[in-house]
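Each chain, letter by letter, is given below.
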Amino acid sequence: MENKIKTFAGLEEDEKSYPSSEIVLLPVPYEKTTTYIKGTEHGPFAILNASPNLEFYDCDLDFVALNHAKIATLPPLLLKNDPEDMVKNVAEAVENIVKDNKLPIVLGGEHSITIGSFRGVNNHYKDISVVQLDAHADLRDAYEGSNYNHACVMRRIAEDAHICQIGIRAIDEEEAKIIKENDYDVFFAKAIVNNNSWHERALSGLKDNVYLTFDIDVFDPSFMPSTGTPEPGGLGWYEVLSFLKKLVMKKNIVGMDIMELCPMNNNKGPDFIAAKLLYQLITYVTYKKTLHNNDI
Ligand SMILES: [Mn+2]
């Protein structure tokens, strides 16, 4: 597996890239608490390596985000410490990006990284909703002896923020109880596949500032098999994009991440799909900004 440092879309990086950027990609190739298929530490590199091969024109919007977006790709945050300390390091790195008035997009890596990324954003903005697209609820209080296991991500985040969970289809009894007791906004996969009727309900429950955490396993494993715990019955490409587009257009996105891509040596297609997802998110954010700039 090649772990050479690449930039998004092969964009040149120099000393001016970060200061003039508006979107900052932070690769965090961390993996310590995954329990089944290993390899998500290679996820950030797989996304960046695939990205120069994308088509950058958006057919629906008639828009080329790369012509407008100011993107910097930071060197990977290389951490080998325990999850709790890793979370502190990630929070600090992400908070610095937010303080510089830039949009952080963290590329993982295992999902526990999101606790840190969320905290970094939350330290600055407070009052935010966290929208999670994921096959799993990640609501366990502890797993395999750690409160910072990748199965506990949303439990930690729900202690500090409103959460909205989308595409969920694999939970245990304890999590089912927690969801009911707390009346969390959960949109189970079975209820939302092949329809858009839930979009307004999901959006109307959110605060203005939104952090988006995207676990790649929310996609159906028929086209996204490259993940540590693939679950059948996932969401399709267009249904995810139509929701994400609305989310970006209606809410103020204060941070994002794409987690849990676990690349395969013999099938690079899913890496390209994850890179495309990242670019679609960049496209929506940039398109919205362009609209606002034209309004002024
Ligand atoms: Mn998951």
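Each residue is numbered by its place in its chain's sequence as written, counting from 1. Only residues with pLDDT of at least 70 are given local features in this predicted model, and only at 80 or more are side-chain atom pairs given and counted; all residues enter the totals for whole chains, interfaces and linings.

Student: Requested: an account of the packing of helix α3 (residues 83-99) against helix α4 (residues 113-125), with residues and values cited.
Tutor: Whenever a helix is involved, its axis is fitted only over the stretch in contact; in every case the axis is a line through C-alpha atoms, and angles between N-to-C directions fall within 0 to 180 degrees. Secondary structure elements follow DSSP: runs of H or I of four or more residues count as helices, runs of E of two or more count as strands, with numbering from the N terminus. It is the contact of α3 with α4, at a shortest axis distance of 7 Å, that shows an interaxial angle of 40 degrees. With respect to their mutual orientation, α3 and α4 come out oblique. Here α3 runs over α4; the crossing is right-handed. Touching Met86, Val87, Lys88, Asn89, Val90, Ala91, Glu92, Ala93, Val94, Glu95, Val98 and Lys99 of α3 are Ile113, Ile115, Gly116, Ser117, Arg119, Gly120, Val121, Asn123 and His124, all from α4. Split by residue class, the contact of α3 with α4 holds 10 nonpolar, six polar and five charged. Here roughly perpendicular refers to angles of 65 to 115 degrees, roughly parallel to angles under 35, roughly antiparallel to angles over 145, and oblique to all remaining angles. In this scheme the handedness of a crossing depends on how the near helix is turned from the far one: anticlockwise by less than a right angle means left-handed, clockwise means right-handed. Whether two residues are in contact depends on their C-beta atoms, placed from the backbone: they are in contact if these lie within 7 Å. When residue character is reported, Ala, Val, Leu, Ile, Met, Phe, Trp, Tyr, Cys and Pro are called nonpolar, Asp, Glu, Lys and Arg charged, and the others, Gly included, polar.

Student: Explain α3 to me, and be specific about the residues and the numbers.
Tutor: Under the convention used throughout, the expected extent of a helix is 1.5 Å for every residue step, that is, one less than its residue count. In this model, α3 (17 residues) spans 24 Å end to end at C-alpha, consistent with the 24 Å of a helix rising 1.5 Å per residue. Buried residues along α3 sit in contact with β1 (23-28), β5 (103-108), α4 and β10 (252-259). Backbone geometry just after α3 places Asn101 at a positive phi near 65 degrees.

Student: Go over the pairing of strand β6 (residues 128-133), please, and point to the residues and values.
Tutor: Taken across its six residues, β6 has six buried, putting it largely inside the fold. Burial in this document is a count-based property: other C-beta atoms within 10 Å of a residue's C-beta are tallied, and the residue is buried at 20 or more, exposed at 12 or fewer, or partly exposed in between, with C-beta positions derived from the backbone. A two-sided burial pattern is seen for β6, the buried positions comprising Ile128, Val130 and Gln132 on one face and Ser129, Val131 and Leu133 on the other. Only when DSSP finds a minimum of two bridges between them are two strands counted as paired. For β6 and strand β9 (residues 209-215), the ladder comprises six bridges, and the chain directions are parallel. Following the sheet pairing, Val131 is matched in β9 by Leu212. Bridge count between β6 and strand β7 (residues 162-168): five bridges; the pairing is parallel. Bridging from a neighbouring strand, Ser129 pairs with His162 of β7. The crossover handedness rule: strands pointing away from the viewer, path from first strand over the helix to second strand clockwise, crossover right-handed. Traced from β6 through helix α5 (residues 153-158) to β7, the parallel crossover comes out right-handed.

Student: Account for the nonpolar core, with residues named and values stated.
Tutor: For soluble globular proteins, the rule of thumb is that nonpolar side chains tend to be buried together. Only buried residues count toward a nonpolar core: Ala, Val, Leu, Ile, Met, Phe, Trp, Tyr and Cys, linked into one set through C-beta atoms within 7 Å. Judged by nonpolar contacts, the single largest core of 86 residues is most densely connected at Leu26, Ile47, Ile258, Leu278 and Ile282. For this core, the element with the most residues is helix α10 (residues 269-295), which contributes 10 residues. Leaving out residues up to four positions away in the same chain, Ile47 has contacts with Leu107, Ile258, Leu261, Asp271, Ala274, Ala275 and Leu278.

Student: Describe in detail the pairing of β9, supporting the description with residues and values.
Tutor: Burial within β9 is extensive, with six of its seven residues counted as buried. Bridge count between β9 and β10: seven bridges; the pairing is parallel. If you follow Asn209 over to β10, its bridge partner there is Asn252.

Student: I'd like a rundown of unusual backbone geometry, residues and numbers included.
Tutor: Here the bond from Gly108 into Gly109 is cis, since omega is 10 degrees, no more than 30 degrees from zero. Topologically, Gly109 is positioned in the loop between β5 and α4. Its identity is not glycine, yet Asn101 carries a phi of approximately 65 degrees, on the positive side. Position of Asn101 among the secondary structure elements: in the loop between α3 and β5. Of note in the backbone geometry, Asp183 takes a positive phi value of approximately 50 degrees without being a glycine. Along the chain, the position of Asp183 falls in the loop between α6 (173-182) and β8 (185-188).

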